[in-house]
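Summary of structural features
Listed below, chain by chain, are the residues.
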Amino acid sequence: MPEKSDSGQAKRALFEREALPHLDSLYATALRLVRGPDDANDLVQDTVLRAYRFFHQFTPGTNCRAWLMTILFNTFRNGYRRNSREQVAASEEEFSARIEAQSFARDPAQSNPEALADNRAVEPEVERALDALPEEFRSALLLVDVQEMNYQEVSAALAIPVGTVKSRISRARAMMRKALREFARNRRQ
């Protein structure tokens, strides 16, 4: 019996050393996907439980964060997206229309020069633009630009070809540039 206990403790120690340092990254990504702290905590908890259960499939020495992100996205795809009340844009045109509407609905008190100079005034617009991206573009952009994963890691995490990752990143960045350009143009008026 001590043998089983020792192997269980070794598995737990290895898991804690390899996986747990990535909890903040998992939470940040989960929060972007489900858009609520309670749902993000649930998604991360489910991800960590699945990761621990299948930790025997992890290859030590490889990128544990990429492995965990794959589990996170699979868990999200398999359950949380279906139950989500988010209203992501279905097309680039819908995305542009939403961003434009949100820009016009801004608080007029924030259009003074001091507010424009304040970085915090821009952050909500960036957040809204990111949130309004269609889910497949937002997911790829988050993993590459926020989580700093390479294209191969994102390809594995999202279960799509590397070429598709590159295409989604390119299109997502173009949509963000367009949305933020329109925001800047509206702020100048």
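Residues numbered from 1 in each chain as written. Predicted model: local features only at pLDDT ≥ 70, side-chain atom pairs only at ≥ 80, totals over all residues. Heavy atoms only, no water.

**A closer look at the overall build of the protein**
When its secondary structure is counted, the protein shows 10 helices and zero strands. Scanning the protein from its N terminus toward the C terminus, one meets helices and strands in the order α-α-α-α-α-α-α-α-α-α. The proportion of buried residues among the 189 residues of the protein is 39%. Once local pairs closer than 6 in sequence are excluded, the contacts in the protein between residues at least 24 apart make up 71%. Accessible surface, the protein: about 10,900 Å² in total, of which carbon and sulfur atoms supply 50%. (Helix = DSSP H or I, 4+ residues; strand = E, 2+ residues; numbered from the N terminus. Buried < 20%, exposed > 50% of the residue type's maximum accessible area, 1.4 Å probe, protein only. Contact = heavy atoms within 4.5 Å. Areas by Shrake-Rupley, 256 points an atom, 1.4 Å probe, with all protein chains shown as cover.)

**Focus on the packing of helix 2 (residues 23-34) against helix 8 (residues 135-146)**
Two elements in contact, helix 2 and helix 8, have axes separated by 11 Å at closest approach and are oriented at 165°. Viewed along their axes, helix 2 and helix 8 adopt a mutual orientation that is roughly antiparallel. As helix 2 packs across helix 8, the resulting crossing turns out to be right-handed. Residues Thr29, Arg32 and Leu33 of helix 2 touch helix 8, and the partners they reach there are Glu135, Arg138, Ser139, Leu142 and Leu143. Of the residues assigned to the contact of helix 2 with helix 8, the class counts are three nonpolar, two polar and three charged. (Axes fitted to C-alpha atoms, helices over the stretch in contact; angles between N-to-C directions. Parallel < 35°, antiparallel > 145°, perpendicular 65-115°, else oblique. Left-handed = near helix turned anticlockwise from the far one by under 90°. Nonpolar A, V, L, I, M, F, W, Y, C, P; charged D, E, K, R; others polar.)

**Side note on the packing of helix 9 (residues 151-158) against helix 10 (residues 162-188)**
Across the interface, helix 9 lies against helix 10 with an axial gap of 8 Å and an inter-helix angle of 100°. Viewed along their axes, helix 9 and helix 10 adopt a mutual orientation that is roughly perpendicular. Note on element contacts: helix 10 touches helix 9 through Val162, Val165, Lys166, Ile169 and Arg173, opposite Tyr151, Gln152, Val154 and Ser155.

**Here we look at the packing of aromatic side chains**
Evaluated as defined, the whole model comprises five aromatic pairs. With centroids separated by 5.1 Å and ring planes inclined at 80°, the aromatic side chains of Phe15 and Tyr52 adopt a geometry described as edge-to-face. Taken as a pair, Phe15 in helix 1 (residues 2-18) and Tyr52 in helix 3 (residues 37-53) lie far apart in primary sequence, 37 residues in all. Pairing Phe55 with Trp67 gives two aromatic rings, centres 5.9 Å apart and planes at 65°, and the pair type is edge-to-face. Of this pair, Phe55 sits in the loop between helix 3 and helix 4 (64-83) while Trp67 is found in helix 4, placing the two residues 12 residues apart along the sequence. The exposure class assigned to Phe55 is buried, which follows from its relative accessible area of 5%. (Phe/Tyr/Trp six-rings, centres within 6.5 Å; stacked < 30°, edge-to-face > 60°.)

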